[in-house]
Amino acid sequence: MDDLSNLQPGVVWRHFFNLCQIPRASGQEAAVRDALSEWGCKHGLCVRGDSRGNLVLSKAATPGFENRPGVVLQGHLDMVCQKDGDSTHDFECDPIRPVLRDGWVMASGTTLGADNGIGVALALAVLEADGLKHPALEVLLTVEEESGMHGATALGRDAVQGRFLINLDTEKWGELYVGSAGSVDVIVDAPLPMEAAPADMQTIGLRLTGLTGGHSGIDIHRQRGNAIKLLAQFLHGLTEKGFGFRLVSMTGGTAHNAIPREAEAVLWAGDPSLIQTEAENFVAGLRGQLSDEESGVRINLEFVSTQGSNNVLPIEAAHRVLSLLNDLPYGVHHMSRQFPGVVETSNNIGELRLEEGRLHINMMMRSLDEHGIHTLSDGVVARFVASGFEGIQVVGAGPVWHPNPGSKLLALAQGIYQQTFGCEASVQVIHAGLECGIFHWLWPDMDMISFGPTIHGAHAPNERVDVVSVERAWQLLAGMLAAIPEREPEN
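Residues numbered from 1 in each chain as written. Predicted model: local features only at pLDDT ≥ 70, side-chain atom pairs only at ≥ 80, totals over all residues. Heavy atoms only, no water.

*Asks:* Please explain the packing of aromatic side chains as it appears in this structure.
*Replies:* Aromatic ring pairs: the centre-centre distance and the angle between the two ring planes describe each pair. Applying the stated criterion to the full structure yields seven aromatic pairs. Judged by centre distance (6.0 Å) and plane angle (85°), the rings of Trp13 and Phe16 are edge-to-face. Taken together, the residues Trp13 and Phe16, both in helix H1 (residues 10-20) and three residues apart, mark about one turn of the helix. Classification of Trp13 as buried rests on a relative accessible area of 0%. Classification of Phe16 by relative accessible area gives buried; the value is 0%. The positively charged end of Arg320 is found above the aromatic ring belonging to Phe389, 4.5 Å away from the centroid. (Phe/Tyr/Trp six-rings, centres within 6.5 Å; stacked < 30°, edge-to-face > 60°. Helix = DSSP H or I, 4+ residues; strand = E, 2+ residues; numbered from the N terminus. Buried < 20%, exposed > 50% of the residue type's maximum accessible area, 1.4 Å probe, protein only. Lys NZ or Arg CZ within 6 Å of the ring centre and 35° of its normal.)

What follows is the structure, given as structure tokens:
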């Protein structure tokens, strides 16, 4: 913990470092849940869980605060596991190694897990810190948030009893969030025909790398390239120009909620040198279309072995797949009229596996409006159906969290923010899915907001968290807990 040992508040950074030592991919949170359960028992907390793996740690109110409404602090235990192509990190057993660089804490070649580890650390620190005044507290830690909010969806209505909820899973300090996007996944899982490859061709691999990637909600408007979309665009262009090649496989992306940074394809081709020239021209053109962050994009060609399989897609099937991928919407679909500068509706093509006669695609549609989600997803499904594909599922990941203009918790947060930092916080909605949408459905009378420190590059290996903003988030959280008003008399 050398790089983090002198950071403030120390109790927060110690908890974050400890979380980094325990692998916690979505669906694999048992170890971290067990460790926190043991920690809670040692500290005299009430510890309870449910069959899905969610965890609640409860602490009684400090003396004099017994007549104040209970507060739920909420975060999720899992993290998005992404790494650079040359990284040997094993997310199933290796700890994350956080390092300090120019005021930011980051990892080396992998995601850091600040989303949502730093929020969890803030909540745990509240439970442990001496001298902190607060009402009755419940820390609700969910599982499988990143893979579809499955933990939150499985919660019972009696999971918590607090009146206020503070979600600690947003990533821009200085903004108080009162709403978030809902989403659905459109999943294609369909068979494709295969046939023997021509004898007069050789096998080559194309690998598109060097993109920045990022969070498919927070970063979707930044003109970052989607590796799946770009490689499909390149291959489709080759077919339109009459290049002789046959498609063996195509893969890219590892998570529905992360913008894919890399994609690759295996082809049988007659003249690989011509394809290499086309790839160089294509990449040169991309540098004028994408953001400056994407200057490292490249397509590498190499000769590969198909490991004994000489099967390729028939020409018609390959053209059908590449045309669909080329035409699929990616990125911003609509901007919000109510909140200037905020994306309302978007689509991310997150995962592609075209291998051994099977096509699997996972796309995530987000919107601040339920109608926008269904309009976009229905249109995408219609494209596949019209092209003869079956096995298409639309899976709900999370409902829209609509703003509550009369939120007392928001008014309290605004007042503490102004008092502590001498300026006003911005009130926003976020084009990412927060579990608050599910919580509002479960507990419609619960008053809730979300805030957190500044995190850049979430869901990508350059993920990092701003040190100064962590201390400020702690100050706001502690100030709010101490200022929760007494319960209003019942009529």
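*Asks:* Honestly, the layout of surface pockets in this entry has me stumped. Any pointers?
*Replies:* Rolling a probe over the atoms, with the probe sized like a water molecule, indicates the empty space that remains. In this model, the largest pocket occupies a volume close to 560 Å³. Lys172, Tyr177, Ile218, His221 and Arg222 are the residues nearest the centre of the largest pocket, which is lined by 26 residues in total. For the lining of the largest pocket, the secondary structure elements donating two or more residues are strand S8 (175-180), strand S22 (426-430) and strand S24 (455-456). It is S22 that contributes the most residues to the lining of the largest pocket, three residues altogether. Grouping the constituent residues of the lining of the largest pocket by class yields eight nonpolar, ten polar and eight charged. Estimated volume of the second largest pocket: approximately 380 Å³. Forming the walls of the second largest pocket are 20 residues, and the residues nearest its centre are Lys83, Gly253, Thr254, Arg261 and Glu262. Every element with two or more residues in the lining of the second largest pocket is listed here: strand S13 (245-252), strand S14 (258-259) and strand S15 (263-269). Residue classes in the lining of the second largest pocket are distributed as six nonpolar, seven polar and seven charged. (1 Å grid on protein atoms, 1.4 Å probe; cavity = no way out; pocket = protein on both sides within 12 Å on 5 of 7 lines; lining within 4 Å. Points joined across faces, edges and corners; volume = space filled by probe spheres on them. Nonpolar A, V, L, I, M, F, W, Y, C, P; charged D, E, K, R; others polar.)

*Asks:* I tried to follow empty space enclosed by the protein on my own but got confused; where do I start?
*Replies:* One pass over the full model with this rule turns up two cavities of 30 Å³ or more. Estimated volume of the largest cavity: approximately 190 Å³. Lining the largest cavity are 21 residues, and of these Glu145, Glu146, His215, Arg366 and Gly433 lie nearest its centre. Looking at the lining of the largest cavity residue by residue, the class counts come to seven nonpolar, eight polar and six charged. In this structure, the second largest cavity spans a volume of roughly 50 Å³.

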